[in-house]
Each structure stands twice: as C-alpha cells, then as structure tokens.
Amino acid sequence: MTDGPTYGFDTLQIHAGARPDPATGARQVPIYQTTAYVFRDADHAAALFNLQEVGYIYSRLTNPTVAALQERIATLEGGVGAVCCSSGHAAQIMALFPLMGPGMNVVASSRLYGGTVTQFSQTIKRFGWSATFVDFDDHEAVKAAIDDNTRAVFCEAIANPGGHITDLDAISAISDAAGVPLIVDNTSATPYLCRPIEHGATLVVHSTTKYLTGNGTVTGGCVVDSGKFDWAANDKFPSLSQPEPAYHGLKFAETFGPLAFTFHGIAIGLRDLGMTMNPQAAHYTLMGIETLSLRMDRHVENAMKIAKWLEDDPRTDYVTYAGLDSSPYAKLVPKICPKGAGALFTVAVKGGYDACVKLVDSLEIFSHVANLGDTRSLIIHSASTTHRQLTAEQQEAAGAGPGIVRLSIGIEDADDLIADLDQALAKATA
Ligand SMILES: *Cc1c(COP(=O)(O)O)cnc(C)c1O
C-alpha cells in the first residue's frame, strides 16, 4: 500500500513500512537475517559509500526488516524518518549525539525513567555533556535553565513513574523561542495516545521494548525526526550544518534537508557508535505494533478502573493516575493524550517502605519486574530498585519515594487484577 494521511492509525499500524516482499511475495515482513548485501558492481558500491544512493551495505547501518519498522514508527508519529537502535537508552544517546559536544548541556525534566536520570546525571558527563534537571510544570524554571550551551530540552510525554502529563505545547513554545530542539520520550504514551510532533517536538525517542513491542520479548529503541528543525539557522549544530570530514565535506543539513538528522543517525550514529537493532528484534516489534491501538485502549480502560478502586481504598494515601478527576494533570489529558492517560501510575501505600515491599511480594498476577508496557500487569517498588541509585531528594522529585509503588497495568481482566491487589494490600497493611 502507499502510505498517506488518508489512512487511519489502525490501518497504518499494520501496513506502514511493509509491502509484500519483492523477491518472494511474502506477506509478512521477512526477517532479513543477513550481515551484508551484494553490490551490483563497483560503481554501485562507491555510490552507496558516498551516500549518493540509498541502499543496503551492512546491517550495522541498515537492514530491510529494521527499515520497515523505522518507516512504520515514523509514520505513526508523523515524522519524516526514524532510526531504530538496540535499546531505549541507546536511542537517547543517538538523539543527543549529533546535538551535543563537550561543555554543552541538555535541560531535562526531573520526572523521568530512573535509568534516564542516571544516564543524564552521571554517564553523559564522561562525554563532557551535562544535564540540568528542572520541574517541567514550572515553565519559568525551564526558561531560566536554558543557556547559551543548551543544545536540547528533554522530557517524557506521560512521565515516569507517576504518569504525570507534560504540557508539550507550553514546553515546545519555550524551546522554540530559545532555538533549541525539544526531544520527547514517548515510550509510556505511544503514538496512539500522544503524538508529540503535533505539539511541537523536534525529535521523539522510544524504548520499543515497552508498549510498541508490547509483550516483554525484546529490547529496542527508536529516534523519530519531525524534519522541522532548521539545523543550519546558526552555528549551534555543526555536526548537521558544517562539512563532515568523514564524507568528503558533505553537509547533512544542506544535502538531506528535512532528512538530515535521520541520515546522520545512520551514516554517523549507527556506523560509528554501533548501537544497532537486530532484525529479530525488529520482527517482534513489527508484530507487536500491529495490535498497538487495541492493546492501548484496554490498558487505559483497565488503568482507569484500577486507579479509581485504589483511590477509594482506605489502605492507600493517594494515586497519581492523570485519568482521575482528582489529578492536577487531568485537564491536560484532552489536549495531550485525548485517548487516555496511559496505564502507568504510582500508589502511596499506608505503611511506607515495609508495606510496599510486602505488597510487591504478596501479589500473584502482578509480576515484580523492572519493566513496563507489557500485556502482563507489572509492579515495582522504585525506591529499592529502579530509583535506588538516586538520592532521597532525587527520589522525591521523581515521584519515587520509599512509600510508593509503580504499577504498569496490563490487559488481563480488570476484576482479577483488583482482586489480586485487594488480597496483597490486606497482607501488606495487616
Ligand atoms: C524503558 C525506558 C527507557 C529505556 O529503554 P530501554 O529499552 O530499557 O533501554 C527510556 N525511557 C522510558 C520512559 C522507559 O520506560
């Protein structure tokens, strides 16, 4: 099929990027389990290596199964191109790499996946990069945190671990005014619930490990480019605007226009950093995405039922689900994620740290794992696991204090999940 804006989401999640295999007619996207591709002749090989012709050279850079997934995710997000990589964390480095340099900083939300807080506050320092964390509800603080060395603004659409919603329109107005790209991690929302590019995002990153694959089988990541940022407007982004010595002085922005970031991601990012997605992982994720909208509708329906039940239960102090009328983020739902506030939220359990640990150990359907976005319901006590490396202040700022558990609601029967929580809460608060 030809992909076009006339097709709806449910059609595109199955067909975008996929066409019957030209060699065999295979209807499902084949797993191209190959490392390299035969050149037609020496001229063809030279043209590919010069980026004068687009084609397959070596699977560290491009692979047809991965390419189908890239096109599908880019289409669902409304971007011009996408680069898949080995994990969500790899996607974050791939997104920042062309923008940053020694001495440069990213202004990031304090509400992020725990691993991202660690990656940004510790590991990126080894590259000479730094992150400034601010509360993204405080728009003046975001504005004030951007300085001459800021090369990106970073947040999650539906933010970990509390399921808080970021006002992407307000944040993109700030990043636009500063001439800095906005990167939105859309992992918890997925393009079915939220399309960050429509709210001004420059780049969208995903951990495809989560809802896009949907069944907890493979890790993967993706960087989607809106194609809307003018990298050559000033000298802030030399990797994209200035001559690239590794390609005979080619300028990505000039040569590839709106696809500059995507081509740079493949030709420099994957080629030299090597954080490649393998074709098996791309296959599982392509299969998962086919049912994304159906799963997300059920995730949201279940999350709403369970969040309401927990909120009314005397054994809990509060529930952070933005779908609840009591949430300060409820007013952002129709604007940012009109089909629902996702299925990720935290619950404060009466009895603090000890009760949380007992709750996690007493559940039978919910699994205690460091993952989210699975068909299965999952729970984690963030303070003793994913957010363990954070200081007490960072844990509180991230909404992952000691008396809080994070739930990722699956697509099982909601009544069974409620019964499971009921028996476990009884043990935890006895
Ligand atoms: C899981 C996750 C990541 C990291 O992705 P990996 O695939 O585990 O590397 C980043 N952001 C969010 C919101 C996540 O949930």
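Caption draft 1: Molecular detail of the overall build of the protein chain. Across its full length, the protein chain carries 17 helices and 14 strands. In terms of overall size, the protein chain behaves like a compact globule, its C-alpha atoms giving a radius of gyration of 22 Å where 430 residues would be expected to give roughly 22 Å. With the C-alpha coordinates of the protein chain rotated into their principal frame, the extents come out at 75 × 55 × 35 Å. For the protein chain, the proportion of its 430 residues judged to be buried stands at 57%. Pairs at least 24 residues apart make up 71% of the contacts formed inside the protein chain by residues separated by at least 6 positions. As displayed, the protein chain offers around 17,000 Å² of accessible surface, 54% of which is attributable to carbon and sulfur atoms. The average position of the 30 basic charges and that of the 46 acidic charges among the side chains of the protein chain differ by 2 Å.

Caption draft 2: Structural view of the side chain of H164. Of note, H164 is situated in strand 6 (residues 164–165). When neighbours within four sequence positions are excluded, H164 is seen to be in contact with R111, A157, I158, A159, T320 and Y329.

Caption draft 3: Structural view of the site of the ligand. In the vicinity of the ligand, 15 residues are found, and the nearest of them are G88, D185, S207, T209 and K210. Taking S87, its side chain carries an N or O atom lying 3.5 Å from an oxygen atom of the ligand. Here the ligand loses 92% of its free accessible area of 370 Å² to cover by the protein chains. Broken down by element, the shell around the ligand gets its largest block of residues, three residues, from helix 4 (residues 88–96).

Caption draft 4: Seen up close, the sheet that holds strand 1 (residues 81–85). Pairing in this open sheet of seven strands is mixed, and the strands run 1-9-8-7-4-2-3 from one edge to the other. Each end of this open sheet is capped by a strand with a single partner; those strands are strand 1 and strand 3 (130–134). Each adjacent strand pair in this sheet contributes to an overall mean axis angle of 20°, direction not counted. Of the strands in this sheet, strand 1, strand 8 (203–207) and strand 9 (221–225) touch helix 3 (residues 64–77), which is tilted by about 130° from strand 1. The sheet strands contacting helix 5 (residues 114–121) are strand 2 (105–109), strand 3 and strand 4 (150–156), and the helix crosses strand 3 at an angle near 130°.

Caption draft 5: Examining the pattern of salt bridges more closely. If you walk through the whole model with that rule in mind, you get 15 salt bridges. Through salt bridges that share partners, R111, D135 and D137 make up one connected network.

Caption draft 6: Main features of the environment of K251. Within the fold, K251 resides in the loop between helix 9 (238–241) and helix 10 (252–256). Judged by relative accessible area, K251 falls into the partly exposed class, the value being 29%. Non-local contacts of K251, meaning those with residues more than four positions away in its chain, are made with L240, S241, Q242 and P243.

Caption draft 7: Up close: the pairing of strand 7 (residues 182–185). The alternating pattern of strand 7 places L182 and V184 on one face and I183 and D185 on the opposite face, and all of these are buried. Two elements, strand 4 and strand 7, share four bridges in a ladder whose sense is parallel. Bridge pairing in strand 7 links C155 to V184. Note: strand 7 against strand 8, three bridges, orientation parallel. Counted as the bridge partner of I183 is L203 from strand 8.

Caption draft 8: Quick look at the nonpolar core. In terms of nonpolar packing, the biggest core is built from 86 residues, with I165, L310, Y321, F345, L359 and I409 touching the most fellow members. Per element, the largest residue contribution to this core is seven residues, and it comes from helix 13 (residues 292–312). What I165 contacts, discounting residues up to four positions off in sequence, is A157, I158, A322, Y329, L332, V333, I336, C337 and A341. Formed by 44 residues, the second largest nonpolar core is a distinct cluster that contains W129, L203, F229 and F261.

Here is what the cut-offs are and how they apply
Residues numbered from 1 in each chain as written. Predicted model: local features only at pLDDT ≥ 70, side-chain atom pairs only at ≥ 80, totals over all residues. Heavy atoms only, no water. Helix = DSSP H or I, 4+ residues; strand = E, 2+ residues; numbered from the N terminus. Rg over C-alpha atoms; globule rule 2.2 N^0.38 Å. Buried < 20%, exposed > 50% of the residue type's maximum accessible area, 1.4 Å probe, protein only. Contact = heavy atoms within 4.5 Å. Areas by Shrake-Rupley, 256 points an atom, 1.4 Å probe, with all protein chains shown as cover. Lys, Arg positive; Asp, Glu negative; His and termini not counted. Charge placed at Lys NZ, Arg CZ, Asp CG, Glu CD. Near = heavy atom within 4 Å. Polar contact = N/O pair within 3.5 Å; in protein donor to acceptor, adjacent residues only side chain to side chain. Pairing = 2+ DSSP bridges. Axes fitted to C-alpha atoms, helices over the stretch in contact; angles between N-to-C directions. Salt bridge = Lys/Arg side-chain N within 4 Å of Asp/Glu carboxyl O. Core = buried A, V, L, I, M, F, W, Y, C linked by side-chain atoms within 4.5 Å.

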